[in-house]
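Given next are the chains, with one letter for each unit.
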Amino acid sequence: MVKYWLGFDIGSSSIKAALVNSENGSVVDVAQQPEKEMPIMAPNPGWGEQDPELWWKHLCTAVRELISKNGISKEDIKGIGISYQMHGLVVVDKSHKPIRPSIIWCDSRAVETGEELFNKAGKEKCVEHLLNSPGNFTLSKLKWVKDHEPEIFRNIHKFMLPGDYIALKLSGSCVTTPSGLSEGILWDFKTNEVATWLLEEAGIDPSLVSEIRPTFSEQGFVSKQGALESGLPEGIPILYRSGDQPNNALSLNVMEPGQIAATGGTSGVVYALSDKETTQEHTRINSFAHVNHTSKDPRIGKLLCINGTGIQYSWIRNELTQGLSYHQMNQMAESIPIGAQGLSILPFGNGTERMLNNFGKGSRILNLRFNLHKAPHMFRAALEGIAFSFVYGMEILQNDGVDITSIKAGNDNLFRASIFSKTIASLTSSRIDIVETTGAVGAARAAAYAHGDFDSIAEATATDAVQLTYEPDANTENYQEAYHNWKKELKTYLEH
């Protein structure tokens, strides 16, 4: 009889659930709930909150859909892996009920709180031990609750990340992981334990931290109540848990130093692996414990986010074309030579950019010549500008100890654009492989690996076909010249 592993991806817009075959890791089916995006509440400008019970409700619906649609017995599901939106805060009381909405990743209320804690705890110590400043991450959000909602804070039994809460609903156990704590800026890489000194500096009792289990391990079993609500069999194990970006890397089999997992959606993310527990770029990137990190064999995920990437190309399509598809835009851009005949675009029009030291005064279209440049030039310059911003970010990562060996990306619009991917490949001298996968699928396979069904993540992901491969062009001089000119424009932009 065929058995299955189940993976969840707890996003802020939707919940995905995936079934994979336990024998070869192949994808059986993926369900997504709800059909429309989940709402994000914003009680004040810059805030972002969600009801954790909403995640659970849609997860249960997705599970029942998968079981019913595929005609399988729930008893054939062997276990669970969980991926989740990073940096969120969920707080529960002694009955394990949320006592306020989750403060999620896009909420910026704790920026000043994190900066105050950074100064109070000592910048050098934070960077040396945490590889980051407390920033606007989970601990800072908890400190904000302590400072601004003391009645709620007094009733907190445990605080947790979104994936920890889903595991709690499934199992009834409050458990977290070193990888999760590191993304909340609570893991001391020097002592390989919770940074209790930072908790104490924040005035937070370390007993509020959940029990710690390894990323690949038994993290609880589906309880009677969890089974009743979700439709899953009682007693199956939760064997894996990770934030969405490290899990995306795992889904692409990015597990070793020098490998990069990249995404190019509305914003762009470059997640690079290093074996160095140091950082000198903590103001521009973040460093977390990757899913396979150990103190003896470090694997640090260095995360760089670029806010203004795909959103620029979609803006051009929506506002400046008469219903052209991205494929049509890409084809038109191919007719224009590298460098777009001098037209240059800086894509940073979606808020301040951390990799630019929180600078951002909007996008720039530069050197536009009315008698030369047409729509295809605009499309080419836009794709090149976004690609150049990725390369610029990768140079920051290289300055932080990353030796790039390969780049993998999911199947999204930007990386399917030949101009975009060839530009990055040529300027980094790296091959780019485009692979069709999802975070929920990766989480299911990770659980199978943790159980021992596969000897490696490479074996678990072996059924994923590389859909496209981009190699560096033999002649990179034109790319280098165009990138050099773009960087000169960026330098001027940053100085003014």
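Structure: above.
Worth saying up front: this structure is predicted, and the values here are computed from it rather than measured.

Trainee: Please give an account of the layout of surface pockets that cites residues and values.
Mentor: Within this model, the second largest pocket holds a volume of roughly 250 Å³. Lining of the second largest pocket is provided by 19 residues; of these, G339, G342, L343, A482 and N485 occupy positions nearest its centre. Elements with a minimum of two residues in the lining of the second largest pocket: β18 (344–346), α13 (375–399) and α18 (477–495). Ranked by the residues each element gives to the lining of the second largest pocket, the list is headed by α18, at seven residues. Tallied by class, residues from the lining of the second largest pocket come to seven nonpolar, eight polar and four charged.

Trainee: Summarise the environment of L130; cite the residues concerned and give the values.
Mentor: With respect to the helices and strands, the residue L130 is situated in helix α3 (residues 123–130). A C-alpha to C-alpha distance of 26 Å links L130 and G46, two positions 84 residues apart in sequence. Dropping the residues within four chain positions of it, L130 is found in contact with K125, I185, W187, D188, F189, A195, W197, L198 and S287.

Trainee: If you had to explain the pairing of strand β16 (residues 286–289) to someone new, which residues and values would you point to?
Mentor: Residues N286 and F288 point to one face of β16 and S287 and A289 to the other, with burial holding for every one of them. As paired elements, β16 and strand β17 (residues 300–306) share four bridges and run antiparallel to each other. Its bridge partner lying in β17, N286 is registered against L303.

Trainee: Explain the nonpolar core to me, and be specific about the residues and the numbers.
Mentor: Among the nonpolar cores identified, the biggest contains 57 residues, and F348, F415, F420 and I424 are the most heavily contacted of them. Here the element with the most residues in this core is α13; it accounts for 14 residues. Not counting chain neighbours up to four residues away, the residues in contact with F348 comprise I306, G308, E353, M355, L356, G362, S363, S389, W486, L490 and Y493. Formed by 46 residues, the second largest nonpolar core is a distinct cluster that contains F118, F137, A195 and L303.

Conventions we followed
- Residues numbered from 1 in each chain as written.
- Predicted model: local features only at pLDDT ≥ 70, side-chain atom pairs only at ≥ 80, totals over all residues.
- Heavy atoms only, no water.
- 1 Å grid on protein atoms, 1.4 Å probe; cavity = no way out; pocket = protein on both sides within 12 Å on 5 of 7 lines; lining within 4 Å.
- Points joined across faces, edges and corners; volume = space filled by probe spheres on them.
- Helix = DSSP H or I, 4+ residues; strand = E, 2+ residues; numbered from the N terminus.
- Nonpolar A, V, L, I, M, F, W, Y, C, P; charged D, E, K, R; others polar.
- Contact = heavy atoms within 4.5 Å.
- Buried < 20%, exposed > 50% of the residue type's maximum accessible area, 1.4 Å probe, protein only.
- Pairing = 2+ DSSP bridges.
- Core = buried A, V, L, I, M, F, W, Y, C linked by side-chain atoms within 4.5 Å.

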